[in-house]
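What the coordinates show
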Amino acid sequence: MAARGGTPLAGLAGWAITCDDNPHAIIPPEDGASNAEAIRLALADAGLSPEDIDYFNAHGTGTPLIDRLETASAKLVFGDRAGQVAISSTKSIVGHLAAASPVIEAIATVYCLTEQWVHPTAKLDRIDPALTLDYVPLRGRPQRIRAAVSNSLGGGGTNAVLAFRPRDSAPAAQDAFEPVPDVVVTGTGAVSRLGDGPDALEAAYGPNAAPERTRPFSVLDHIDAAAGYQYLSRSAQLGFGAAAQAMADAGLPVPLPAEGPLAGRRVAVVMGTAVGGLSAMAETLCPHLSADPTRITPSMSLDHGPQLAATLVCRAAGATGPMVTLISGPAAGLQAVEVGRALLAAGACDIVIAGGGDAGDAPTRDAARLLARRQGRAVEEPTDSAACVVLERADGARERGAPARAVVTGCASWSEPQPPDRTEAAGALTRALTAVGADGADRPHLSYHVGKGNLSDTGEVKLLASGFQPEALGGALAAGPLLALVAAVARVAVEPGAAAIVSTVAPGGSAAALRLAGPDGGRG
């Protein structure tokens, strides 16, 4: 920033993400404990104490549950001085902007720091007598703000917190980043049209058409019916099924312990999806209403969002660390691995369950047909698919005696401006391939490419045909590249010195790639 002559507005001093410790799929616990833990972690990351905070930008939906939750959370974090911390809700002014809300609220927090002023909570003309903090109603006011936090909650249990300092007290930027540690794959799971488990993907090698699975996927193969997961969205069930396989393969206990090297608070879940599944009311609620009406509640309409796969994994596994859902099209699965690797590098967790999946439900199939007709191409029918990998630092895996099946030596994703009906993304694909292959350009890599795109212009990266046929997976959407990754892990694990590059392109100009080496690090 200094090199381009920019002026800082504030310093982003710290951040944290946690998942609620909570049995309900959507509704957060009113005690605010999980949210309070996220605030504490963000302050610790920023090198701040609760005594340093003068302004709290609340999630602030104005609903009784969230207002009580955030009040309880503030009291847990700030203790006796909670009443001295100014609180206001940006949503009261701009409305609830869904995924954009945390960004708008962070901007508002920055400007409150810049102006040393707290914006009001609009229309807050009556405050619940049980809520006793400083909520700054109706009119803003000048206030000394030494540091501030912006608090955000998400359906399914996500708590995300940013901590800001004024620009004149922001710590100096680091000149260099810590190197990314060796990250290994210790478990894999797969659900595809070929069957469940990594072994089913062997049918995607060879010249013959791969056979369809003979038995439909059932989430009840992975969790007892009493949990009620069969009543939630199909895409969530698929993602959970793949994650359950990967956790079992990695030797992770379910549920995870509260303390120790496998503590749930040190396990992150990152899931990617292209669309998250579209059918809910007609295809999920109505049949289950007739089958078991005790399972259907008004809040069930929320239980079908794209984040539910990550939520179900966290609930079943007892994971309360970072929970992230990426909705970025067919590249989302590989990007989940990229984000998971970054979380490990940042020390935010010790284990990552990274995956992706989509349901081939009726609305998704109809949308695929309409797009294919508009673009004048053959339709690729979306299919029920999901895949997951368990990622760990190499030293952590060794400590717990978990065998490394492969080493992730690089991840990258790029985007270039392109009309949404274009699927080549040649420039972005070349950038991604070059980025992950730079440190291994002198050796050939097995190629696992999913989607369109020209692999001939890959710079110094040498690619060999792996024999894997992604078309055998059908329209696997975000799971397609991860299914290829699971297949690549199985291949490099048994071939000394083998290495592979998994890559994909997405409509609109995005591409992602990942480089994989065998357990020996590709040394042969």
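Placed above this text is the structure.
Residues numbered from 1 in each chain as written. Predicted model: local features only at pLDDT ≥ 70, side-chain atom pairs only at ≥ 80, totals over all residues. Heavy atoms only, no water.

Now for unusual backbone geometry. Following Val254, the chain continues into Pro255 via a peptide bond in cis, with omega recorded as 5 degrees. Along the chain, Pro255 turns up in the loop between helix H5 (234–249) and strand S10 (267–273). The backbone phi angle of Leu138 is positive, close to 65 degrees, even though this residue is not glycine. Positionally, Leu138 belongs in the loop between strand S4 (117–118) and strand S5 (141–142). (Helix = DSSP H or I, 4+ residues; strand = E, 2+ residues; numbered from the N terminus.)

An order of S1-S7-S6-S2-S3 is seen for the five strands of this open sheet, with the pairing classed as mixed. Each edge of the open sheet carries a strand with a single partner, namely strand S1 (10–19) and strand S3 (86–89). Averaged over all pairs of adjacent strands, the angle between strand axes in this sheet comes to 20 degrees, irrespective of strand direction. Relative to strand S7 (residues 158–166), strand S6 (residues 148–154) runs antiparallel, the two sharing seven bridges. (Pairing = 2+ DSSP bridges. Axes fitted to C-alpha atoms, helices over the stretch in contact; angles between N-to-C directions.)

A few words on the packing of aromatic side chains. The final tally for this structure, using the stated rule, is four aromatic pairs. Geometrically, the ring pair formed by Phe56 and Phe78 is edge-to-face, given 6.3 Å between the ring centres and 90 degrees between the ring planes. Taken together, the residues span a long stretch of sequence, with Phe56 in strand S2 (residues 55–58) and Phe78 in helix H2 (residues 64–78) at a distance of 22 residues. The pair Phe56 / Phe78 is uniform in exposure class, with both members buried. Aromatic side chains Tyr448 and Phe468 sit 5.6 Å apart centroid to centroid with 40 degrees between the ring planes, which places their arrangement in the tilted category. Placement of Tyr448 in strand S15 (residues 444–450) and of Phe468 in the loop between strand S16 (462–465) and helix H12 (479–494) is noted, with a sequence separation of 20 residues between them. (Phe/Tyr/Trp six-rings, centres within 6.5 Å; stacked < 30°, edge-to-face > 60°. Buried < 20%, exposed > 50% of the residue type's maximum accessible area, 1.4 Å probe, protein only.)

This paragraph deals with the pairing of S15. The buried fraction of S15 is high, at six of seven residues. The pairing of S15 with S16 spans four bridges and is classified as parallel. Pairing of Ser447 across the sheet is with Ala465, part of S16.

Counted under the stated rule, the structure contains 17 salt bridges. Between Arg213 and Asp196 there is a salt bridge, and its shortest N-O distance comes to 2.8 Å. Here the residue Arg213 occupies a position in the loop between strand S9 (195–196) and H5, and Asp196 occupies one in strand S9, the gap between them amounting to 17 residues. The residue Asp350 makes a salt bridge to Arg393 at a minimum N-O spacing of 3.0 Å. With Asp350 in the loop between helix H8 (332–345) and strand S12 (351–358) and Arg393 in strand S13 (residues 385–393), the pair connects residues that are 43 residues apart, well separated along the chain. Within the structure, one salt-bridge network assembled from shared partners comprises Asp54, Arg81 and Arg146. (Salt bridge = Lys/Arg side-chain N within 4 Å of Asp/Glu carboxyl O.)

A word on the packing of H8 against H12. Their axes nearest at 6 Å, the elements H8 and H12 cross at an angle of 65 degrees. Residues Gly333, Leu334 and Val337 of H8 form the contact with H12, whose own contacting residues are Pro481, Leu482 and Leu485. (Contact = heavy atoms within 4.5 Å.)

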